[in-house]
Amino acid sequence: MEFIGGKLLQVVIAIAAFVAIIGIIMLLVDRAPKSIRDKVTVAGFLAPAAILMLVGLVYPAVSTSALAFTDAKGQPNGVENFVWMFTQPEALVTLRNTVIWTVLVPLLSTVFGLAYAVFIDKARGERVLKALVFMPMAISFVGAGIIWKLVYDYRGPGIEQTGVLNFLRVALGMEPKQFLLDAPENTIFLIIVMVWIQTGFAMVILSAAIKGVPVELVEAARLDGANPWQQFRNVTVPGIRGSLVVVLTTITIATLKVFDIVRTMTAGNFETSVVANEMYTQAFRAGEPGRGAALALILFLLVLPIVLYNARVLRKQREIR
């Protein structure tokens, strides 16, 4: 009881001291000149966000950057982690796969999303058709990985196939295929999962942008004798250029950070690893936090220009409006 009473007294004293300090600060601010009082008020509102940014963003970024130049024992090793990244075969495969993901996923997702948005525009049942394509966005990457892993599931020859694709192959008289084991095409089968998810996002954004294109411009092009393809190329695409940039850059950033799909479906084995997955593998599985930090730093440097470009485009759009 004495221990509990002592602790309670300490808590009461701490609260009283805190209240007293806050009271003194408020009194000083109230008596200060108006210009100083305004600055202190602004600083008071910004301080919590600034502290959270320092603790949750700046400090981890600085510590990770420093860790990237250390070995497994935490000793400085210069740029050896980056040399490993660009010279070892397994690391080069990881970088190659990341480039393939970054090129194909944004391009295919945007093309499929745009084509679908154009075809169903003002069609009967448009809302239902949009919902069907957008539904994968409601599924987590882990959930999507599990679903597609079942689709790609493989059983040996002569055994009943449970995977959808191999079941169809056997039904058509073909041999079952190890979709997730055979490199390098297994990377393409993983990319299909990401495209399946991101197409819905692209479709929704671009559909809204298409509806924002002035009807007068479309009618004028039609009266001038433009066919549907010319209307799309010369009127619709220029009218949604800003949205196209946003969709492409957003999907590119998500693709560069892809981890869950690869980890769930192959764990990065069979030459399917990407930078985010390899970062986790090196830092937490292989006992090489320096290499993991180096990969994280490279990933940050890859994402940063895209984020800055996206912000620049949005700022220009606001200035035009």
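Parameters at a glance
- Residues numbered from 1 in each chain as written.
- Predicted model: local features only at pLDDT ≥ 70, side-chain atom pairs only at ≥ 80, totals over all residues.
- Heavy atoms only, no water.
- Helix = DSSP H or I, 4+ residues; strand = E, 2+ residues; numbered from the N terminus.
- Contact = heavy atoms within 4.5 Å.
- Areas by Shrake-Rupley, 256 points an atom, 1.4 Å probe, with all protein chains shown as cover.
- Core = buried A, V, L, I, M, F, W, Y, C linked by side-chain atoms within 4.5 Å.
- Buried < 20%, exposed > 50% of the residue type's maximum accessible area, 1.4 Å probe, protein only.
- Patch = residues over 30% accessible without salt bridge, like charges linked within 9 Å, V, L, I, M, F, W, Y side chains within 5 Å.
- Salt bridge = Lys/Arg side-chain N within 4 Å of Asp/Glu carboxyl O.
- UniProt positions renumbered as here; feature names shortened; annotations may be inferred.
- Phe/Tyr/Trp six-rings, centres within 6.5 Å; stacked < 30°, edge-to-face > 60°.
- Axes fitted to C-alpha atoms, helices over the stretch in contact; angles between N-to-C directions.
- Parallel < 35°, antiparallel > 145°, perpendicular 65-115°, else oblique.
- Left-handed = near helix turned anticlockwise from the far one by under 90°.
- Nonpolar A, V, L, I, M, F, W, Y, C, P; charged D, E, K, R; others polar.
- Expected span 1.5 Å × (residues − 1).
- Arc of directions from axis to C-beta.
- Polar contact = N/O pair within 3.5 Å; in protein donor to acceptor, adjacent residues only side chain to side chain.

**Comments concerning the overall build of the chain**
If you tally the helices and strands in the chain, you get 14 helices and zero strands. Counting from the amino terminus, the chain carries its helices and strands in the arrangement α-α-α-α-α-α-α-α-α-α-α-α-α-α. Restricting to contacts in the chain with at least 6 residues of sequence separation, those with at least 24 account for 65%. Summing over all exposed atoms, the chain offers an accessible surface of approximately 19,700 Å²; the carbon and sulfur share of this is 70%.

**With respect to the nonpolar core**
Membership of the largest hydrophobic core comes to 38 residues, with the highest contact counts inside it found for Trp 101, Tyr 152, Val 193, Ile 261 and Met 265. Elements that contribute at least two residues to this core include exactly helix H4 (89-119), helix H6 (141-151), helix H8 (185-211), helix H10 (228-239), helix H11 (241-256) and helix H12 (260-265). Per element, the largest residue contribution to this core is 13 residues, and it comes from H8. If sequence neighbours within four positions are ignored, Tyr 152 has contacts with Leu 165, Asn 166, Phe 179, Leu 180, Phe 189, Ile 192, Val 193 and Met 265.

**Comments concerning the environment of Ser 207**
As for its position among the elements, Ser 207 is in helix H8. Sequence separation of Ser 207 and Leu 114 is 93 residues, and the distance between their C-alpha atoms is 7.4 Å. Apart from the residues within four sequence positions on either side, Ser 207 is in contact with Ala 117, Glu 126 and Lys 130.

**Looking at a nonpolar patch on the surface**
Together, Ile 51, Met 53, Leu 54, Val 55, Leu 57, Val 58 and Val 62 give the surface a local cluster of nonpolar side chains, amounting to about 670 Å² of exposed area. Within the element layout of this structure, Val 55 appears in helix H2 (residues 34-67). Assessed through its relative accessible area of 58%, Val 55 is described here as exposed.

**Quick word on the UniProt feature "transmembrane region" (unreviewed entry) in the chain**
As recorded in UniProt, the sites labelled "transmembrane region" (unreviewed entry) are residues 12-29, 41-62, 99-119, 131-151, 188-210, 240-259 and 293-311. Secondary structure over residues 131-151 splits into 71% helix and 0% strand, and the C-alpha atoms at its two ends are 22 Å apart. Between the C-alpha atoms that bound residues 188-210 the distance is 30 Å, and the span itself is 100% helix and 0% strand.

**So, the packing of aromatic side chains**
Under the counting rule described, the total for this entry stands at nine aromatic pairs. The interplanar angle of 50 degrees and the centroid separation of 5.6 Å between the aromatic rings of Trp 148 and Tyr 152 together place this pair among those described as tilted. Taken as a pair, Trp 148 and Tyr 152 share a single burial class, namely buried. On the numbers, 5.4 Å between centres and 65 degrees between planes, the contact of Phe 259 with Tyr 280 is edge-to-face. Taken together, the positions of Phe 259 in the loop between H11 and H12 and Tyr 280 in helix H13 (residues 275-285) put the pair 21 residues apart, joining distant regions of the chain. Exposure remark for Phe 259: the relative accessible area of 24% places this residue in the partly exposed category. Following the ring pairs from residue to residue traces out a cluster consisting of Trp 148, Tyr 152, Phe 179, Phe 189 and Trp 196.

**Points about the packing of helix H3 (residues 80-87) against H4**
Where H3 meets H4, the closest approach of the two axes is 5 Å, and the angle between their N-to-C directions is 75 degrees. For the element pair H3 / H4, the angle class is roughly perpendicular. Taking contact as the criterion, the partners of Trp 84, Met 85, Phe 86 and Thr 87 in H3 are, on H4, Pro 89, Glu 90, Ala 91, Leu 92 and Leu 95.

**A closer look at unusual backbone geometry**
As a rule of thumb, non-glycine residues mostly have phi less than zero, and peptide bonds are mostly trans rather than cis. Here the amide bond leading from Ala 183 into Pro 184 is cis, since omega sits at 0 degrees, within 30 degrees of zero. For Pro 184, the position within the fold is in the loop between helix H7 (164-171) and H8. Here Glu 271, not a glycine, exhibits a phi torsion of approximately 60 degrees, which is positive. The residue Glu 271 is located in the loop between H12 and H13 in this model.

**Comments concerning the packing of H6 against H8**
Orientation of H6 relative to H8, taken along the N-to-C sense of each, is 125 degrees, at an axis distance of 10 Å. The orientation of H6 with respect to H8, classified from their angle, is oblique. Crossing handedness for the pair H6 and H8: right-handed. Seen from H6, the contacting residues are Phe 141, Ala 144 and Trp 148; seen from H8, they are Ile 192, Val 193, Met 194, Trp 196, Ile 197 and Gln 198. The class makeup of the residues in the contact of H6 with H8 is eight nonpolar, one polar and no charged.

**Quick word on the pattern of salt bridges**
Should the charged atoms of two oppositely charged side chains come close, the side chains can pair. Taken as a whole, this structure holds six salt bridges when the rule is applied. Here Lys 177 ties to Asp 182 by a salt bridge, and the two come within 3.8 Å at their closest N and O atoms. By relative accessible area, which is 28% here, Asp 182 ends up partly exposed. Among the ionic contacts, a cluster of salt bridges with common partners joins Glu 126, Lys 130 and Lys 211.

**With respect to H10**
Given 3.6 residues per turn, any residue in an α-helix points the same way as the ones three and four places further on. A rise of 1.5 Å per residue sets the reference length of H10, with its 12 residues, at 16 Å; its end C-alpha atoms lie 15 Å apart and thus fit the reference within 8%. Buried within H10 are the following residues: Gln 231, Phe 232, Val 235 and Thr 236. With its buried residues spanning 125 degrees around the axis, H10 presents them on a single face. Here the buried face of H10 lies against H4, H8 and helix H9 (215-223). The N-capping residue of H10, defined by a side-chain oxygen 3.1 Å from the backbone nitrogen of Trp 229, is Asn 227.

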